[in-house]
Structures are given as structure tokens and as C-alpha cells.
Amino acid sequence: SRRLSATGPGPIPRVHFCVYTTPMATTLGDVAQLVVKIVNHGDACEVRGLRFELGERRSRHGPPWYTCLVRGPGGIQTVKESTAYDSFIGWLAQQTPQSLREQFPGADIPTVDELRGTLQALALQQATQLYSSEKYGSALAAGVTARLSTGAQMANSHRDYCGIGLAINGSIFVMAEVQDGYLETTLRTWATADEFKAWLAVQSDFAQSGFDPATGLVDAWLQGNQRITRQRLNDFVAAGGNEGTGRKDQAQGAKQKRKKGRI
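Residues numbered from 1 in each chain as written. Predicted model: local features only at pLDDT ≥ 70, side-chain atom pairs only at ≥ 80, totals over all residues. Heavy atoms only, no water.

Along the protein chain, the regular secondary structure elements total nine helices and seven strands. The buried share among the 263 residues of the protein chain stands at 38%. When contacts within the protein chain are restricted to residue pairs at least 6 apart in sequence, long-range pairs at least 24 apart make up 53% of them. Carbon and sulfur atoms form 50% of the exposed surface of the protein chain, whose accessible area is close to 15,100 Å². (Helix = DSSP H or I, 4+ residues; strand = E, 2+ residues; numbered from the N terminus. Buried < 20%, exposed > 50% of the residue type's maximum accessible area, 1.4 Å probe, protein only. Contact = heavy atoms within 4.5 Å. Areas by Shrake-Rupley, 256 points an atom, 1.4 Å probe, with all protein chains shown as cover.)

A word on the packing of aromatic side chains. With the rule as written, the count across this model stands at nine aromatic pairs. When the ring of Phe88 is compared with that of Trp91, the centres are 6.2 Å apart and the planes differ by 25°; the resulting orientation is stacked. With Phe88 and Trp91 both in helix H2 (residues 85-92) and three residues apart, this pair spans about one turn of that helix. Here Phe88 falls in the buried class, since its relative accessible area comes to 0%. Assessed through its relative accessible area of 11%, Trp91 is described here as buried. Here Phe173 and Phe196 contribute two aromatic rings whose centre-to-centre distance is 5.1 Å and whose plane-to-plane angle is 10°, an arrangement assigned as stacked. Residue Phe173 is located in strand S6 (residues 172-179), and its partner Phe196 is located in helix H6 (residues 193-201); the two are separated by 23 residues in the primary sequence. Residues Phe173 and Phe196 agree in their burial class; the two are buried. Joined through ring pairs, the aromatic side chains of Phe52, Tyr66, Phe88 and Trp91 make up one cluster. (Phe/Tyr/Trp six-rings, centres within 6.5 Å; stacked < 30°, edge-to-face > 60°.)

It is worth spelling out the sheet that holds S6 at this point. Taken in spatial order, the three strands make up an open sheet running S5-S6-S7, and their pairing is antiparallel. With one partner strand each, in any of the chains shown, strand S5 (161-169) and strand S7 (182-190) form the two edges of the open sheet. Strand-to-strand, the axes of this sheet are offset by a mean angle of 30°, without reference to chain direction. Pairing between S6 and S7: seven bridges, direction antiparallel. The residue of S7 that forms the bridge with Phe173 is Trp190. In the packing of H6 onto the sheet, contacts are made with S5, S6 and S7, and the angle to S7 comes to roughly 90°. (Pairing = 2+ DSSP bridges. Axes fitted to C-alpha atoms, helices over the stretch in contact; angles between N-to-C directions.)

Take the pairing of strand S3 (residues 65-72) next. The buried fraction of S3 amounts to six of the eight residues, a majority that puts the element mostly inside the structure. Pairing of strand S2 (residues 50-55) with S3 involves six bridges; the strand directions are antiparallel. The residue bridging Phe52 from the neighbouring strand is Cys68, located in S3. Note that S3 and strand S4 (residues 75-84) share seven bridges and pair antiparallel. Across the sheet, Tyr66 pairs through a bridge with Thr83, a residue of S4. Between S3 and S4, which pair antiparallel and follow one another directly, the connecting turn spans two residues.

Okay, the side chain of Arg232 next. Inspection of the secondary structure assignment puts Arg232 in helix H8 (residues 230-239). There is a polar contact of 3.1 Å between the side chain of Arg232 and the backbone oxygen of Arg227. (Polar contact = N/O pair within 3.5 Å; in protein donor to acceptor, adjacent residues only side chain to side chain.)

Considering all chains together, one arrives at eight salt bridges under this definition. We note a salt bridge from Glu46 to Arg71, for which the minimum N-O separation is 2.8 Å. Highlighted residues: Glu46 in strand S1 (residues 45-47) and Arg71 in strand S3, separated in sequence by 25 residues. Since its relative accessible area comes to 30%, Glu46 is described here as partly exposed. What makes Arg71 partly exposed here is its relative accessible area of 40%. Each of the salt bridges in this network shares a partner with another, and the network as a whole consists of Glu46, Arg51, Glu53 and Arg71. (Salt bridge = Lys/Arg side-chain N within 4 Å of Asp/Glu carboxyl O.)

Written as C-alpha cells, this is what we have:
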């Protein structure tokens, strides 16, 4: 068949357009979450001549503030005064290694790739100290499997991102990202209880933290963020029902969400 032009029968000529764009410079925003994660543990982070650390807050209470410094020929200079999280993340997204080199001539500013490599190594070092590599074992795995088989869900329940949850959908065991208390984005499934139980038994807090290179790294913001842990699993088994709010209407809400495509 032929496509018709607006002026009558006949094929429409194909027109080719060439669009030229200027590549966007890679900014420090690409490693912002890694910076925050490392500094939040109280560790100042210095990569060549660029240093990040906790800043002074305006009050004694509240979330951490952050600051950035540069070590150059003239000594240490402040690049970004102490500021709150949102302001700091926004500032990083506007900075490039080249712009910092121009602002501080002679300073040994690393590339974003160099920053990322060093920060990931530091984050892994922190994670091996924070998260146990002890396997959950068959007993805990059996308890979790039995509880899920009753229809209970292991899912945090609050606004927005709620981490990783577990559930059963029909006869399929599901691990998924949780949003607003409901499992939405499926990450992995198991066809039988035995398959799920065998998998869970050999997992550990470190393996599920998102830091373990052997199980696949996740985005820095997701690492350690409401992941599966031994404590959560134990609490879920002991609770005898849905993990989270304990509201009587949660089970009914879950049924309604299933009808809309959510688990």
C-alpha cells in the first residue's frame, strides 16, 4: 500500500533531518549519592585534591549538612559552605571537574570516573563493616516461607519508596520494590516454596544490602535503603501478619491494589 500526500495520490517523500547536539559535561551530581552515603557515616572523603565532609548545622537537631573543600597550592579552600542535603545535591549537579579546575588553578581535581571508583571502594569497605555476611539459614528461611504462604506480605508501609518487600501472588513467591506500602516493581520470582526457601537460606544482610558486587550493585541511593535484613525477617516471622502499620484495613487495601495491577 502507498501513503497518500495531502495534495493527492502518490508516495510521501521521506525527509531526513540531522540534529547536532553538544555532549553534556559529566557533573559531580553523578556521584552525589555516593558522597552523601560515605560522609553520613562520619567519614571525611578526600580523593586527590577534592574533599567532602560533614558541615556545621544551623541547629543541633535535624539531618546532616555537607561541605566541600579543595586542596591546592594555596592550601585548603572551601568550595561549598556547609549546606543542607537538597542544596548540596543541587550544587553538585552543577559542578564539573573542569569548572573546579578553572576556579582553583593548580588543584588536583579528579575526574568523575576517578571519584566514582574511589567512592565505590570506600562504600564497599563501610558496607562490609555494617552488614553481616552470615547466611540466614534454613530455619529462618522456612519460617519466612511459611508466613508468606499464609498471604502475609513483608513490606514497609509509608509514603513513597518503601524499600524491598516479599509476598506470594497465587503460588508464585515475589520479591519487589515497594511504593506507598504496596509491592509494585517485581525484581525476582520463584515458582515454588522450595525454590524460594533454598534461595533465602543462603542470603545474608550483606548480600541483600545492594553493596555486594557478587549479587549486583544497585544505585547508591538504594544501597542499604530498607533492604531485606535478618532483623526484618525475624520481625516478620514473629509478627504473625503484615509487616508495617498493623492496620485492620491493610489486607483489604492490598486486595483492592491487586485488582489495579499492584501486588
